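Per-entry structural report
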Amino acid sequence: MASLSESEVTNRGSMWELDQNLDQPMDEEAGRLKNMYREKFSSVLLLRLAFQSLGVVFGDLGTSPLYVFYNIFPRGVDDDEDVIGALSLIIYTLTLIPLLKYVFVVLRANDNGQGGTFALYSLLCRHAKINTIPNQHRTDEELTTYSRQTYEENSVAAKIKRWLEAHAYKRNILLILVLIGTCTAIGDGILTPAISVLSASGGIKVQNQNMSTDIVVLVAVVILIGLFSMQHYGTDKVGWLFAPIVLLWFILIGSVGAVNIHKYNNSVLKAYNPVYVYRFFRRRWNSDIWTSLGGVMLSITGTEALFADLCHFPVLAIQIAFTLIVFPCLLLAYTGQAAYIISHKQHVAYAFYRSIPDAIYWPAFVIATAAAIVASQATISATYSIIKQALALGCFPRVKIVHTSKKFLGQIYIPDINWVLLVLCIAVTAGFKNQSQIGNAYGTAVVIVMLVTTFLMVPIMLLVWKSHWVLVVSFTVLSLIVEVPYFVACILKIDQGGWVPLVIATAFFLIMYVWHFCTVKRYEFEMHSKVSMAWILGLGPSLGLVRVPGIGFVYTELASGVPHIFSHFITNLPAIHSVVVFVCVKYLPVYTVPTEERFLVRRIGPKSFHMFRCVARYGYKDLHKRDEDFEKMLFDCVLFFVRLESMMEGYSDSDEFSVPEQVTGGGASRSLMMSGAAAGAFLGAEKTCSTTMCSNGELSFSSQDSIVPAQSPLRGVMAGGGQLTARWSASTEVGDELEFLNRCKDAGVVHILGNTIVRARRDSGVVKKIAVDYMYAFMRRMCRENSVLFNVPHESLLNVGQIYYI
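Everything in this summary refers to the structure shown in the same document. In this convention, every chain numbers its residues from 1, walking through the sequence in written order. Residue-level local features of this predicted model are given only where pLDDT is at least 70; pairs of side-chain atoms are given and counted only at 80 or more, and the full residue set underlies all totals for whole chains, interfaces and linings. The side-chain numbers reported here are obtained from all heavy atoms of the structure, hydrogens and water having been left aside.

1. With respect to the pattern of salt bridges
- Throughout this description, the term salt bridge denotes a Lys or Arg side-chain nitrogen within 4 Å of a carboxyl oxygen of Asp or Glu. In this structure the tally under the stated criterion is ten salt bridges.
- Among the ionic pairs, Lys345 bridges to Asp80, the shortest N-O distance being 2.7 Å. Of the two residues, Lys345 is situated in the loop between helix H17 (315-343) and helix H18 (351-354) and Asp80 in helix H7 (residues 80-103); the sequence distance between them amounts to 265 residues.
- Lys101 serves as the salt-bridge partner of Glu483, at 2.4 Å between the closest nitrogen and oxygen. Of this pair, Glu483 sits in helix H22 (residues 469-491) while Lys101 is found in helix H7, placing the two residues 382 residues apart along the sequence. Take Glu483 and Lys101: they sit in the same class, and that class is buried.
- One network of salt bridges, with partners in common, ties together Asp79, Asp82 and Arg283. A run of H or I in DSSP becomes a helix once it reaches four residues, and a run of E becomes a strand once it reaches two; helices and strands are each numbered from the N terminus. Exposure is judged per residue with a 1.4 Å probe applied to protein chains only, and the accessible area is read against the type maximum: over 50% gives exposed, under 20% gives buried, and values in between give partly exposed.

Written out as C-alpha cells, the structure is:
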C-alpha cells in the first residue's frame, strides 16, 4: 500500500491512534522461529526421481519429433543442404533454449520447487510491493515459506524495487504480462493434446495410403474423448506407468535415429557445425525462411511445461534426466530423421513413421500413441495447476477443484475447465485436420510464453538473485536473439492457424482481467468503508443491541479493522450474537502455508465484548478439502487462544511454569512451558498470542521465543510464590470464558457472508458497463460461493447484501 505523507500523519488525530492501539496488525501473533532447511537427496533417490520425472516433465518435449520436419518443409524438400541446415538450427535451438536457458537458469527461479509464470510472479510479489491486492502484512513475512531479500540503499536491486513500486501502472503492466503468459500457457493445454494425438494417429495412414484423413481425425477425437473422460480419476492411479512409457519412447527414437544415421547417410553429422545455420538462412532468406523457422520452433515445444511441471521433483533430478537421456535421444532422433529424409525426400510428411523398420512398426506406433497421451496428460495437469494459481491470487472465478490424490497435493481436477478443454481440443483437431496449421498455432502459443518468461526473469535476476547487470543483459540478449525471430515467424502465420492461440488467450485474458479488476475494486471498497474502532467502543459491550446466545462468524476480506458489512448488519437487525469472530481468508504469494502456521487469532476490544479476529492464510498450491471442518477449526483456534492468553497473564518475568492442558481438537494432554521473559515479550501491552492448527489436528502456539520441554512441573509453583492467588483467579476467569464460549456454540453458530454486488456507474463507458454489469455479473452467478468452498452448512448461512458502484 502507498505510504502516507507527513500531512496525513500529522492530521490523523486521536481517533486514528485509538484504532491503532485497539486493532493492531498481528505482528506478535505471527512471530515464530523459522526452520528453513535445504532438503538433501541421496544419489540413489536422486536417480529414481530423475527417472520418475521423465513421465511428468518431458512427455511434451519428447513427442516433438513426430511432426517437426513436416512443419519445416510443408511443400517438400528440394536440396540436401536445406535438410542439413534445418537440422543444425534444431540442434542449436535445443542447446540454447531448453538446455542452457531453462534447465540451467530458469529452473533455479522456482518458488520452493514450484514453477511456471505465477511462481515467478509470487517471487516478485514477496521482494517488492507489486501485488495489486494489498492485503499482505508484516506478519505474513514470518512464515517459514516466505523468503525475501534485503537490499542496500544505493544498490541496483533497491533502485529497481523502488522503480517498480513507484506507480500503479507499472504493477498493472507486470500483472498484464503475467496474465498474457498464463493465458497462452492455457492455450498450450488445448493445442498439445490436439497435435500430439493427431500426429501419433497419423501412423495408421502410413501403412494404408488409401485411408481417408477423416478416419485419422476420428481416431484422434476418440482418443481425446477417452483422455479427458479419465481426468477425474487423477494421474495417481496410472502415473506409475508414465515414466516407463516415456523412457521406452526415448530409447526407441534414439535407437531408430542411430540406426538411420548408420543406414542412410552419416554425412548429416556435419550439421553439428554451426556454420550450416548461417548457410540455411542465406539459402532460404528470399523464399520461405519464416515458414521453416515456425517449424523449427516446434522442436522446443514443451520446454515451458518443463518449468511449469517442476512441482514434485528437485531441480537436480530434472537436470540429470535432461542431460543424460532426453537431450541425447532427441539429437539422435532428429539427426536420424534428417538422414532418412535426404535419402527419401518424398517421405517428409510422415518421416518419423516411415523411418521405422517394418519389424517394429506397430509396437512403435503403440508406444508413440501412449507417449502422446502421456504428453497430453502432463500439459492438461499443468493447465489445472495454472488455473488454481490464478484463482488463489484473485485472477480467476471460483471454479470447483477436486483433489484426486491423498498422497500428492498437486494432483487436482477441475471439471468445468476439463470439459472446456475437451470441446476446444476436438474443435481444433476436427477443424484443421492436419499437423501444419495446428503446428502454426502451437508455435505461436509456445513462443509467447517463452518471451514472457524472459521478461520476468530480468527483475527476478536483479531482485531475487542480485545478479550483476552484465549477466542480466547477457541472458536477456541471448534469449531474445533466439526467440524474437521465432516470434516473428509465428506471427506471420496468423492467417494459417496462428490466430487460434491468440483468440483463446484473448478470451481467457478478458475473463481473468475483468475478474481481477472487480475483485480489486471490491477490496478497495472494503478498505475505505471499514468501521472505526472508536465507533464500536462507543456502542459498549452490548454493541447497542441485544446480544443473543450463539456465535457469529463474520467473513471479510480485511485482515485488520471492522468490515462495513458488520455495521450494515447491526443497523438493519435488532440483535447480534454473544460472540463475534471476524474471519479473514486470504491467499499469500507463497506456494503453501504450513498447516501449523495457517491460523492467527487475536481479541478485538475489551474481554467483555467477546469479539475476536481469525486470519486463515493459504498459499496458491493449498486446497480446501471437503473433509475439513472449517467451522470446528475456527472454534478450536478461539478456544485455545483464550487458554493461552490466560496462561500468559499469570506469569511473572522471572519464573518458568509447566501447565498441563487438554488441547481441544487433539484429545491428548500436552505439557506447555514458556519462560517468564518470553511470556512478557509475547504479551506486551496488548496481551495477545497466536494459535495454530497442527497437521494431526492438534492446536499449538507460536512465539518469537522457543518452547522447550518442561523440566519439572513444580518448578514454576516454587518460583511463583506470592503470585499463586493471581494465577488461580486467572484460571477461574478463563474457565468461565471457556464455558461461556461452549454454551454459545451449543446455542448455535451462524456464518455471516457479505454479498457485495459490483456495478458500473451510470456515467461509465460502454466497455466498462459490459465488463462489470454483464461479464463479471455472469461469472459471479456461475462460480462457486464461499460457503461451498468452506463447507458451510446452508441452514446456518446468512448473506448480507450491499451494492457498490465503481
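Resuming the write-up.
2. Considering the packing of aromatic side chains
- Pairing of aromatic rings covers Phe, Tyr and Trp, the last through its six-membered ring, and needs centres within 6.5 Å; plane angles under 30 degrees mean stacked, over 60 mean edge-to-face, and all others mean tilted. Taken as a whole and judged by the stated rule, the model has 20 aromatic pairs.
- Considering the side-chain rings of Phe352 and Tyr353, the 5.3 Å spacing of their centres and the 70° angle between planes classify their relative orientation as edge-to-face. Of the two residues examined, Phe352 and Tyr353, each falls in the buried class.
- Each member of the aromatic cluster is reached from another via a ring pair, and the members are Trp249, Phe352, Tyr353, Tyr361, Trp362 and Phe365.
- Geometrically, a charge over a ring is one whose NZ (Lys) or CZ (Arg) sits within 6 Å of the ring centre while staying within 35 degrees of the ring normal. Between the NZ or CZ atom of Arg108 and the centre of the ring of Trp465, over which it lies, the distance is 4.4 Å.
- One residue, Arg279, lies across the ring of Tyr276, its end atom 4.9 Å from the ring centre.

3. Digging into the sheet that holds strand S12 (residues 797-805)
- Being paired, for any two strands, means DSSP has found at least two bridges between them. Across the sheet, six strands lie side by side as S5-S6-S4-S3-S11-S12; this open sheet has mixed pairing. Only two strands of the sheet have a single neighbouring strand rather than two, namely strand S5 (599-603) and S12. Ignoring strand direction, the axes of neighbouring strands in this sheet form an average angle of 25°.
- For strand S4 (residues 575-587) and strand S6 (residues 611-618), the ladder comprises eight bridges, and the chain directions are parallel. The partner of Val585 across the bridge, within S6, is Ala616. Between the N-to-C directions of two axes lies an angle of 0 to 180 degrees, each axis being a line fitted to C-alpha atoms and, for a helix, fitted only over the stretch in contact.

4. Some words on a nonpolar patch on the surface
- Residues Trp469, Val470, Val473, Val477, Leu478 and Ile481 make up a contiguous nonpolar surface patch of roughly 590 Å² in combined accessible area.
- Within the secondary structure, Val470 sits in helix H22.
- Overall, Val470 belongs to the partly exposed group, its relative accessible area being 38%. For patch detection, residues must exceed 30% relative accessible area and be free of salt bridges, and they are connected within 9 Å for like charges or within 5 Å for nonpolar side chains (Val, Leu, Ile, Met, Phe, Trp, Tyr). Here the Shrake-Rupley method, with its probe set to 1.4 Å, supplies the accessible areas, and only the displayed protein chains count as covering residues.

5. A look at H22
- Helix span is expected to be 1.5 Å times the residue number reduced by one. In a regular helix each residue adds 1.5 Å, so 23 residues correspond to 33 Å; H22 covers 31 Å between its end C-alpha atoms and thus fits that length.
- We define the bend at any residue as the angle between the axes fitted to the seven residues before and including it, ending there, and the seven starting there. For H22, the principal kink sits at Leu480 and spans about 30°.
- When H22 is considered as a whole, its buried residues turn out to be Val472, Phe475, Thr476, Ser479, Val482, Glu483, Tyr486, Ala489 and Cys490.

6. Considerations on helix H4 (residues 43-57)
- Along its 15 residues, H4 runs 20 Å from first to last C-alpha, staying within 8% of the 21 Å computed at 1.5 Å per residue.
- Among the residues of H4, Leu46, Leu49, Ala50, Ser53, Leu54, Gly55 and Val57 are the ones counted as buried.
- Note on definitions: a residue-residue contact is assigned when non-hydrogen atoms from the two residues lie within 4.5 Å. On its buried side, H4 packs onto helix H5 (59-62), helix H13 (242-263), helix H16 (303-308), H17 and helix H19 (361-392).

7. Overview of the packing of H7 against helix H14 (residues 275-284)
- Look at H7 against H14: their axes get within 8 Å of each other, and the N-to-C directions meet at 125°. Classed by the angle they form, the pair H7 and H14 counts as oblique. For the element pair H7 and H14, the recorded crossing hand is left-handed. For the pair H7 and H14, the contacting residues are Glu81, Asp82, Ile84, Gly85, Ala86, Ser88, Leu89 and Tyr92 in the first and Tyr276, Val277, Arg279, Phe280, Phe281, Arg283 and Arg284 in the second.
- Residue classes follow a fixed rule: Ala, Val, Leu, Ile, Met, Phe, Trp, Tyr, Cys and Pro count as nonpolar, while Asp, Glu, Lys and Arg count as charged, and any other residue, Gly among them, counts as polar. Partitioning the contact of H7 with H14 into residue classes produces eight nonpolar, two polar and five charged. Convention used here: angles under 35 degrees read as roughly parallel, angles over 145 as roughly antiparallel, angles from 65 to 115 as roughly perpendicular, and any remaining angle as oblique. Throughout, a crossing is termed right-handed when the near helix is turned clockwise from the far one, and left-handed when it is turned anticlockwise from it by less than a right angle.

8. Observations regarding the nonpolar core
- Residues belong to a common nonpolar core when they are buried Ala, Val, Leu, Ile, Met, Phe, Trp, Tyr or Cys residues joined through side-chain atoms within 4.5 Å. Core analysis: the biggest nonpolar cluster contains 165 residues, and Phe58 and Tyr353 have the highest contact counts within it.
- For this core, the element with the most residues is helix H21 (residues 435-464), which contributes 17 residues.
- Non-local contacts of Phe58, meaning those with residues more than four positions away in its chain, are made with Ser53, Phe250, Leu306, Ile318, Ala321, Phe322 and Val326.
- Counting residues in hydrophobic clusters, the runner-up holds 33 residues, among them Val579, Val581, Val642 and Val792.

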